[in-house]
Amino acid sequence: MAGCVEAVINVYNNKQCEISDQFTKALCNQICSGMSLWAKTQLLPPEYLKQIETIYATKFPIEVRHYFAEWIEEQPWSQVDETNSQHEQYAVTLLVSLLQLIQQKSDELPTTGDYFLLKLRFQNVIDQLRETYEPSPLAFVKTVKSCLTLEESLVNQAENPSLVIEDPTVQQLATNKQISKDIDTLQTWTSVTDTEIKQLQDKQEALIIHWKNSPNLTAQLGNALNQLQQKLEFAKTQIQQWQQAGDNQHELEKLRNEKEELMNKEKEISAQQKNVQTELSTKAQEVMELRSTLLNKYKKSFLFLEDVQKKVIDVELIAWKRKQQLSGNGAPIEEKLLDRLQSWSESLAEIIWKSRQQILQFEVLRTRLPLNTSTENQSDILPDLNQKITALLSSLVTSTFVVEHQPPQVLKKESRFTAKIRLLVGGKLNIHMNPPTVKASIISEEQARGLLKSDVTAKDADSGDILNKEGTMEYHDGKGELSIQFRNMQLKKIKRADKKGTEAVTEEKFCILFQSDFQLGINGELMFQVWTLSLPVVVTVHGNQECNALATVLWDNQFAEPGRTPFQVPSQVSWTLMSQLLNTKFQAVTGKGLGPENLNYLASKVFGGNNKTDEYSNHNINWSLFNKDTLPGRSFTFWEWFYAVMRLTKDHLKSLWCDKTIIGFVSKQQAQEWLQMRPVGTFLCRFSDSELGGVTIAWSAEDPKTPGERQVWNLAPYGTKEINIRTLADRIKDLPQLTHLFPDIPKDQAFSKYYTTDALPEMKDPEGYIKTHLINTLTTPGAAPMNYDNPSTPQAIYNVPITI
């Protein structure tokens, strides 16, 4: 296959035969269609291969991808859910198999020649993969799947140039590459202008020396010229006298020759005088031209520098802050993203500082030698350029003072909390030589608005009292970062604003203000006052406020708009956006997200209607529906119900949920319809509609009044208290009425790995007491069927039999 591909490529590229381009392309496409993904990847153009190299340099050893391509592409990666802990064992199997293949390949290689280095590399790769992925084998699956997806995207893009790459990771890699390339270009430009300004200084100093020496030289040449002219006049007079005398022709000829020499010397000295002025004018012109060239380069460089900084600060840094905000709701965020932003920011800081120093040097040179010409007068823009580049530096420094680790957004009074602040340019510009002090304070929403409106008094305002709120930034040489970790802050007092209508205290938003000031340059020529705000926080005084406070925080994090006035959020959003929030948070807390059917059920709970037939994508949900108004017939809001379910799942049902043994989000009506069609003993687990944080079991049973007919029954919900006493899996094990998990999975097959009481306890303990064993039983063979007309459900009780 490789030979055929090579032949086709040679035909197409070198045109070694008369086959048409259309036929060649068709043949190449036909051959490529049977190629492996890695084979196609190796044929990508250089610009795509560079992206492939970047992907594998940061994620996965490219040698493994190359030498084990066939094995990698044969594995069913798509069938492994990296978010499901129950798939971890299969991920371990994949990782172990790959490590064995690498070891086998390494053992087969000879220890001489070029293979020696490859053998060593394989051993290093084995150690690297073990260290990275043995503690988290599902992360190994996620990495490989990500790499294969990116490869496929690039191959598709290369084969179909008209397609737009929609993969955000590929787009981000392209953006990162472009920014790094632009910064490299700026560094080259700065280096070139640094060389040229030194050349300008040398030429200007040479001009000054020439200019200072020219009067003396001109005077010397003038004196010599005067003397020559006097001698020439004397020679002319002698010649006239000898001509009148008419004799002594020898002396006459001698005088004539002397006159000729004097005239030649006169021309030579006159030329020297002219050359002095010409050279002075030429050197001045060279200086002016170099000044003009440099000035144009500084203008061009500034515009480019301004554009690149906007990409870094106004786009990438803002994007990181948005990702950080969404991570407060559980969305993933790249760990090294801030380090990359720091690298860019530090490079920009060095470029700006060097450019500013060059412009200042340019101004000094111009002051030392003013050249009053029309071209030189254009350099009056220099002070403006200096002001602009200083403003650019100020913007960079103030924008890169960021909250790396946010304080808790639900902040309980009297509880200790932490936060970390980093100055991304702190390792440069010698800021770390005299680390600044940072002060923290808590401010209200109104005070935050005043701060953003440049109210000078806002920086001194506060709405509470924080202990351990000041500290000095530390420079970490190994990481190359200047930061401060507030480890022991504590909110002792809070001043609340007057309530707005029905607004609860859990809807009032504050934030932590971090501020500092420091100086840069010789004798502190530049003074910076930097500050940054944390994400909004809600202050609570009791644990029972956490649920509603979290609702305020989640809504703010998810729906805050760029450039908003603190801390305004829309009063309503589309259900599509809300479902993203619910899915993200539930997945972060429980390990597995919500499917379309789960979200449709939740929508029906909010808006009413039939979750099987209604379409909710065009519905809007407002704050009242989310966490103000109680659900119909209930004493709690939608969010309070969802929060309780989430907590119950996280604390007690996480493995069952991730293993899909709990359906959870399904209505009573839907459960009844499903189970009525199934054999007796079929059951499912769903979250209770009537109780906060409860899970109930619905099952198909024979109707005691009408033998042969089936009814659907529902156990009273189990909450945290009940599951703490006996796990849900053990309760299911206890009930012989439950035989198969919907649709038809034997219950022991589904739940046996979660049973905790596989054997009865010993008859007696060391003290001679007879032990008891808790089991879950039903008091009656049945009760009223589960339906909407009669919502009552049979009650589960605990029997405590004595085992002898």
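Given the structure is predicted, the values throughout are model-derived calculations rather than measurements. (Residues numbered from 1 in each chain as written. Predicted model: local features only at pLDDT ≥ 70, side-chain atom pairs only at ≥ 80, totals over all residues. Heavy atoms only, no water.)

Here we take up the overall build of the protein. When helices and strands are tallied, the protein shows 24 helices and 20 strands. Going through the 804 residues of the protein one by one, you find that 43% of them count as buried. When contacts within the protein are restricted to residue pairs at least 6 apart in sequence, long-range pairs at least 24 apart make up 68% of them. Total accessible area on the protein stands at roughly 42100 Å², and carbon and sulfur atoms take up 49% of it. (Helix = DSSP H or I, 4+ residues; strand = E, 2+ residues; numbered from the N terminus. Buried < 20%, exposed > 50% of the residue type's maximum accessible area, 1.4 Å probe, protein only. Contact = heavy atoms within 4.5 Å. Areas by Shrake-Rupley, 256 points an atom, 1.4 Å probe, with all protein chains shown as cover.)

A few words now on the packing of aromatic side chains. Here the structure, examined in full by the defined rule, presents 34 aromatic pairs. Measuring from ring centre to ring centre gives 6.3 Å for W71 and W77, while their planes differ by 80 degrees; the resulting arrangement is edge-to-face. Taken as a pair, W71 and W77 share a single burial class, namely buried. The aromatic ring of W641 is capped on one face by K605, whose charged end is 4.4 Å from the ring centroid. (Phe/Tyr/Trp six-rings, centres within 6.5 Å; stacked < 30°, edge-to-face > 60°. Lys NZ or Arg CZ within 6 Å of the ring centre and 35° of its normal.)

On to the pattern of salt bridges, then. For the coordinates displayed, the defined rule picks out 30 salt bridges. Of the charged contacts in the structure, one is a salt bridge between R564 and D556, with a shortest N-O distance of 2.8 Å. Given the relative accessible area of 1%, D556 is considered buried. Note that D651 is salt-bridged to R647, the shortest N-O span being 3.8 Å. Of this pair, D651 and R647 both sit in helix α20 (residues 638–658), separated by four residues, roughly a single helical turn. Here R647 falls in the partly exposed class, since its relative accessible area comes to 36%. By sharing partners, the salt bridges in this structure join D339, E404, K420, R422 and E481 into a single network. (Salt bridge = Lys/Arg side-chain N within 4 Å of Asp/Glu carboxyl O.)

Orientation of helix α16 (residues 546–559) relative to helix α17 (residues 575–590), taken along the N-to-C sense of each, is 120 degrees, at an axis distance of 11 Å. With respect to α17, the element α16 is oriented oblique. As α16 packs across α17, the resulting crossing turns out to be right-handed. Two secondary-structure elements touch here, α16 through L550, L554, W555, Q558 and F559 and α17 through L577, M578, Q580, L581 and K585. Within the contact of α16 with α17, the residues separate by chemical class into seven nonpolar, two polar and one charged. (Axes fitted to C-alpha atoms, helices over the stretch in contact; angles between N-to-C directions. Parallel < 35°, antiparallel > 145°, perpendicular 65-115°, else oblique. Left-handed = near helix turned anticlockwise from the far one by under 90°. Nonpolar A, V, L, I, M, F, W, Y, C, P; charged D, E, K, R; others polar.)

Taken together, the five strands give an open sheet; going across it, the order is β16-β15-β14-β17-β18, and neighbouring strands pair in mixed fashion. Strands with a single pairing partner mark the edges of an open sheet, and in this sheet they are β16 (710–714) and β18 (745–746). Alignment of strand β15 (residues 695–702) against β16, held across five bridges, turns out to be antiparallel. Each residue of the ladder has a partner; that of W699, found in β16, is W713. The sheet strands contacting α20 are β14 (682–687) and β15, and the helix crosses β14 at an angle near 120 degrees. (Pairing = 2+ DSSP bridges.)

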